[in-house]
Amino acid sequence: MSRWSPRVTVATVIERAGRFLMVEEDRGGPHTLFNQPAGHLEPGEGIKAAAEREVREETAWHVGITDYLGLYVYQAPDGLTFHSHGFSGMALAHLGNTLDRDILAIHWLTLDELETLEREGRLRSPLVMRRIRDVARGRTFPLDVIQER
């Protein structure tokens, strides 16, 4: 009998001048979907390092992670369970590297634009707006709540 293992992911909310850094992805549906820079934890990688790497690979931005948003548990419609570690941070420098092949474009979107995408069903998961709303409410935790290594 195999042991159940949730998928461990990271996602980062980056806000600058009232706009949020988002990635646009083609997930094979009728419309593209929008998400924070996010992805899976790699073997031997810390979760903060994974968040920084995913932002860099998906957006070509170097960021400073400033806060931990918490652990978001999500049961996807396909039955998979995700344990998603949320972070917030600030954009420090655009690096110009090539984006991951699954990323069509990056966007800096306002909260109103994101709420429109939410109504249209064009966000990757319900966690996208939950993380943004948590940041807007100031619901963040210091990074030292994460004890790695």
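Residues numbered from 1 in each chain as written. Predicted model: local features only at pLDDT ≥ 70, side-chain atom pairs only at ≥ 80, totals over all residues. Heavy atoms only, no water.

Participant: Provide a residue-level description of the pairing of strand S6 (residues 81-94), including the pertinent values.
Facilitator: Sheet analysis places strand S1 (residues 7-16) next to S6, joined by eight bridges and oriented parallel. For Thr9, the partnering residue across the bridge sits in S6 and is Ser84. Strand direction decides the pairing type here: strand S5 (residues 61-75) and S6, joined by 13 bridges, are antiparallel. By the bridge assignment for S6, Gly64 is matched with Met90. Counted between consecutive antiparallel strands, the loop separating S5 from S6 contains five residues, among which Gly79 sits at a positive phi close to 95°. (Pairing = 2+ DSSP bridges. Helix = DSSP H or I, 4+ residues; strand = E, 2+ residues; numbered from the N terminus.)

Participant: Which residues make up the pattern of salt bridges, and what are the values?
Facilitator: The final tally for this structure, using the stated rule, is eleven salt bridges. Among the ionic pairs, Glu42 bridges to Arg53, the shortest N-O distance being 3.5 Å. Of the two residues, Glu42 sits in the loop between strand S4 (38-40) and helix H1 (47-59) while Arg53 sits in helix H1, which places them eleven residues apart along the sequence. Note on Glu42: relative accessible area 41%, which makes it partly exposed. Residue Arg53 is classed as buried on the basis of its relative accessible area, which comes to 8%. (Salt bridge = Lys/Arg side-chain N within 4 Å of Asp/Glu carboxyl O. Buried < 20%, exposed > 50% of the residue type's maximum accessible area, 1.4 Å probe, protein only.)

Participant: Quick one: what's the story with the packing of helix H2 (residues 111-119) against helix H3 (residues 127-136), residue by residue and with numbers?
Facilitator: Here H2 crosses H3 at 150°, and the two axes come no closer than 11 Å. For the element pair H2 / H3, the angle class is roughly antiparallel. Crossing of H2 against H3: the hand is left-handed. Judged by residue contacts, Leu111, Leu114, Glu115 and Glu118 of H2 engage Met129, Ile132 and Arg133 from H3. In terms of residue class, the contact of H2 with H3 is made up of four nonpolar, no polar and three charged. (Axes fitted to C-alpha atoms, helices over the stretch in contact; angles between N-to-C directions. Parallel < 35°, antiparallel > 145°, perpendicular 65-115°, else oblique. Left-handed = near helix turned anticlockwise from the far one by under 90°. Contact = heavy atoms within 4.5 Å. Nonpolar A, V, L, I, M, F, W, Y, C, P; charged D, E, K, R; others polar.)

Participant: Describe in detail the packing of aromatic side chains, supporting the description with residues and values.
Facilitator: By the definition in use, this model includes two aromatic pairs. Consider the rings of Trp61 and Trp108, whose centres lie 5.7 Å apart with planes at 90°: the pair is edge-to-face. Residue Trp61 is found in strand S5, and its partner Trp108 is found in strand S7 (residues 103-109); the two are separated by 47 residues along the sequence. On the basis of relative accessible area, Trp61 is assigned to the buried category, the value being 11%. Note on Trp108: relative accessible area 17%, which makes it buried. Sitting above the plane of the Trp108 ring, Arg16 keeps its charged end 4.3 Å from the centroid. Stacked on the ring of Tyr72, the Lys or Arg Arg131 has its end atom at 6.0 Å from the ring centre. (Phe/Tyr/Trp six-rings, centres within 6.5 Å; stacked < 30°, edge-to-face > 60°. Lys NZ or Arg CZ within 6 Å of the ring centre and 35° of its normal.)

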